[in-house]
Amino acid sequence: MSTEADPATDAPDAWGEPRSRTVTWYDPMVTAAGGQVRSGLETLEAIRDGVLPPAPIAALVQMDVVAVEVGRVEFGCTVDESVYNPIGVVHGGLVCTLLDTVAGCAVHSTLPQGVGYTSIELKVAYLRAVTRDSGRLTAVGTVVKPGRRVAFAEGQVLDAAGRVVATASSSLLVFPLPS
């Protein structure tokens, strides 16, 4: 029988005190069902306005919808050391997740009721490191070219000082949602 160490109780003193963060989310199928009867723009507005719950990933990475209009979205994200990588900066995957989210949601804002999307390709350029001292991040997504089968969008993430920390370009598949 394997006896694995519990990092919370068996950690060396040099590690310091353990830290934790509780993540709470709501049934994602409530949002999916709400999206079936709304356009993409209306769905995003309902999430922003608290009519529909945000996707669980939003709670996990501490992001929220700040602004939405046809072809453009803005999300905010609070970073802390819970998303650090082994070298002491925010993991690039979190920044990539923000970029994928705003590119996809920008496209979603252009779609009619009953139509969905998924990423085909995402190209990310990281321009500067992010730490908790970077402050609240702002991620902006804009549609470059809408489409009935494939759409194209761009995104950028800025730190609290307004410096661009990463950019992305994305292509997304557009398809009818199953009813």
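Reading the values: the criteria
- Residues numbered from 1 in each chain as written.
- Predicted model: local features only at pLDDT ≥ 70, side-chain atom pairs only at ≥ 80, totals over all residues.
- Heavy atoms only, no water.
- Buried < 20%, exposed > 50% of the residue type's maximum accessible area, 1.4 Å probe, protein only.
- Helix = DSSP H or I, 4+ residues; strand = E, 2+ residues; numbered from the N terminus.
- Arc of directions from axis to C-beta.
- Contact = heavy atoms within 4.5 Å.
- Polar contact = N/O pair within 3.5 Å; in protein donor to acceptor, adjacent residues only side chain to side chain.
- Core = buried A, V, L, I, M, F, W, Y, C linked by side-chain atoms within 4.5 Å.

Caption draft 1: Quick peek at helix H2 (residues 28-36). Every buried residue belonging to H2 is among Thr31, Gly34 and Gly35, and all of these are buried. Seen along its axis, H2 keeps its buried residues to an arc of 100°; they face one direction. On its buried side, H2 packs onto helix H3 (40-48). Capping the start of H2 is the job of one residue whose side-chain oxygen sits 2.8 Å from the backbone nitrogen of methionine 29: aspartate 27.

Caption draft 2: Structural view of the nonpolar core. Membership of the largest hydrophobic core comes to 39 residues, with the highest contact counts inside it found for Val73, Val79, Val107 and Val157. Counting residues per element, this core draws most heavily on helix H5 (residues 92-108), which supplies nine residues. Setting aside chain neighbours within four positions, we find valine 107 in contact with Tyr117, Val143, Ala151, Ala153, Leu172 and Val174.

Caption draft 3: Spatial organisation of unusual backbone geometry. A positive phi is found at glutamine 62, a non-glycine position, where the angle reads about 60°. For glutamine 62, the position within the fold is in the loop between helix H4 (56-61) and strand E1 (63-69). Since its relative accessible area comes to 24%, glutamine 62 is described here as partly exposed.

Limitation: the analysis is restricted to geometry and does not speak to function.
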